[in-house]
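In case you want the letters, here they are:
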Amino acid sequence: MHLLGDFVPETGSVPPHIAVVELRGKLFSPASLRELVVRLGQQVRAGTYGDMKVVLVASDPATREIVGLLAQAHSLPVYLASSFDPVMVEEAAPVGDLTAAEVETLDQLRSLGGIATVARVAELMDLEPSAATNRLVNVERKGYLHRIKRGRRQGDLFVDPRTQRQALSSGVGGEAPRMREALLDAGIRSDPYERKRLKLEGEAARRAQEIIRGEAEK
Amino acid sequence: VQRSFATRADDADFAGFECCGDDAAPWALETENYVRSSVLGHAEHVLALRDEEGALVAVSAFDRKRIEVPRAVDPLDLKGWQLQVVAVHRESQRNGLCAAVFANTFDAMRDLDPGRGVVQANVHKDNSPSIKACRNAGLFELMPLEPEGEYWILLGRVPGTTTELPLD
């Protein structure tokens, strides 16, 4: 925590940002792990570091499990990743005080490139705008999303911090077309950019084997 | 064509990239939008292909991908790639450039990690030109991206790699 305080000045005015904290190189006692996670989570939730979200990285599954339990017990807004790798950070799991519907909302927002208005999320999830608003605002208030205020006509933007590379570095609030916008406008809900692990079973595995061996029909 | 990994310095060229007309299908328009405004911030590896005068004639992008095969004894975990986009500028289409784009993309994949031998592309089922281009590059239809979905997963092997998929 001293280190974090050295690098991140306590302020409430810095722009939206994300801290990726890797828990390695140190053997944590239960007390020191609890102190780090709970204190950091509480400070993030309280806005001590401004609009900062946090990803905790731990390669050890047991450490991640304990951090997840601590986050749940203390309602701490934390994302958990198994590696510092940027792709794994984007795949970080939200832990803490989230309902299944709120986790689904985060997943859907991420599938839109991590940035969207209420209207776009409502359309994707087949929700009334008021219901989508409630979900996004609840998740944002719990500390898992950035909210970029804009005019009423444009609508506020909700930003998933895990996809900050795109969302916060490519001009939040601009008029450029967003990922999947053309597809959603045409009623196509598939996400061609989907990055999750491909699982091959049964016939699909046999077909994949055929393709990889160069035996697929030309 | 000259191949290079794109950076933010290429942003202006990407922002003006055109690969479809006004009456384009939604998946073609999506491709153009993605190249113009998202790919540099979204994909892990972005290739810019330029002609001898330096004009941007094609773009491809890909991410690392893991492919899991749950076998009876030990699950197989393959390292691969996912093609996020292959786009040829509208003024350079229909002249065989697409094959060169795939070849350069496979070269870049091998340069980055020769141990990643499988490549996945997700293509709309009605996007015949892209499906044909993928087939020509050795990527074939595997299965729908999701049940009742409109996109298909196409799978192939990065040429020059030795990936195997031993099943039980």
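What counts, and where the lines are drawn
Residues numbered from 1 in each chain as written. Chains lettered and ligands numbered in written order. Predicted model: local features only at pLDDT ≥ 70, side-chain atom pairs only at ≥ 80, totals over all residues. Heavy atoms only, no water. Helix = DSSP H or I, 4+ residues; strand = E, 2+ residues; numbered from the N terminus. Buried < 20%, exposed > 50% of the residue type's maximum accessible area, 1.4 Å probe, protein only. Contact = heavy atoms within 4.5 Å. Areas by Shrake-Rupley, 256 points an atom, 1.4 Å probe, with all protein chains shown as cover. Pairing = 2+ DSSP bridges. Axes fitted to C-alpha atoms, helices over the stretch in contact; angles between N-to-C directions. Polar contact = N/O pair within 3.5 Å; in protein donor to acceptor, adjacent residues only side chain to side chain. Parallel < 35°, antiparallel > 145°, perpendicular 65-115°, else oblique. Expected span 1.5 Å × (residues − 1). Buried area = accessible area lost by both parts, 1.4 Å probe. Salt bridge = Lys/Arg side-chain N within 4 Å of Asp/Glu carboxyl O.

## Description of the overall build of chain A
No. 1: A tally of regular secondary structure across chain A gives ten helices and eight strands.
No. 2: Expressed as a percentage of the 218 residues in chain A, the buried residues total 48%.
No. 3: A separation of at least 24 residues holds for 61% of the contacts in chain A among residues at least 6 apart in sequence.
No. 4: In the structure as shown, chain A presents an accessible area of about 10,800 Å², 50% of it carried by carbon and sulfur atoms.

## Quick notes on the sheet that holds strand β7 (residues 157-159) of chain A
All names here are of chain A.
No. 1: Sheet architecture is open: three strands sit in the order β5-β7-β6, paired in antiparallel fashion. Looking along the sheet, the strands with just one partner apiece sit at the ends: β5 (115-117) and β6 (146-148). Strand-to-strand twist of the sheet, defined as the mean angle between neighbouring strand axes without regard to direction, takes the value 25 degrees.
No. 2: Examined bridge by bridge, β5 and β7 share three bridges and lie antiparallel to one another.

## Side note on the environment of Q82 of chain B
No. 1: As for its placement among the helices and strands, Q82 of chain B is situated in strand β4 (residues 76-88).
No. 2: Only 2.8 Å separates the side chain of Q82 of chain B from the backbone oxygen of E194 of chain A, close enough to count as a polar contact.

## Some details on the packing of helix α5 (residues 100-111) of chain A against helix α6 (residues 118-125) of chain A
Residues and elements named next belong to chain A.
No. 1: Between α5 and α6, the shortest axis-to-axis distance is 10 Å and the interhelical angle comes to 105 degrees. When the axis of α5 is compared with that of α6, the two are roughly perpendicular. On α6, the residues touching E104, T105, Q108, L109 and S111 of α5 are V121, L124 and M125.

## Let's talk about helix α2 (residues 26-37) of chain B
No. 1: An ideal rise of 1.5 Å per residue puts 16 Å on twelve residues; α2 of chain B measures up with 16 Å between its terminal C-alpha atoms.
No. 2: Regarding α2 of chain B, the residues found buried are W27, E30, E32, N33, Y34, V35 and S37 of chain B.

## Points about the interface of chain A and chain B
No. 1: Of the residues lining the interface, 40 residues belong to chain A; the matching set on chain B comes to 46 residues.
No. 2: Summing both partners gives a buried area of about 3,900 Å² for chain A against chain B, and 58% of it is carried by carbon and sulfur.
No. 3: Among the residues chain A hides against chain B, the three largest losses belong to Y193, L198 and I212 of chain A. Together they make up 19% of the total.
No. 4: Joining chain A to chain B, the criterion identifies four salt bridges.
No. 5: Residues D77 of chain B and R197 of chain A are paired through a salt bridge, measuring 3.4 Å at the closest nitrogen-oxygen approach.
No. 6: Here chain A and chain B share 19 residue pairs in polar contact (both at pLDDT 80 or more) between them.

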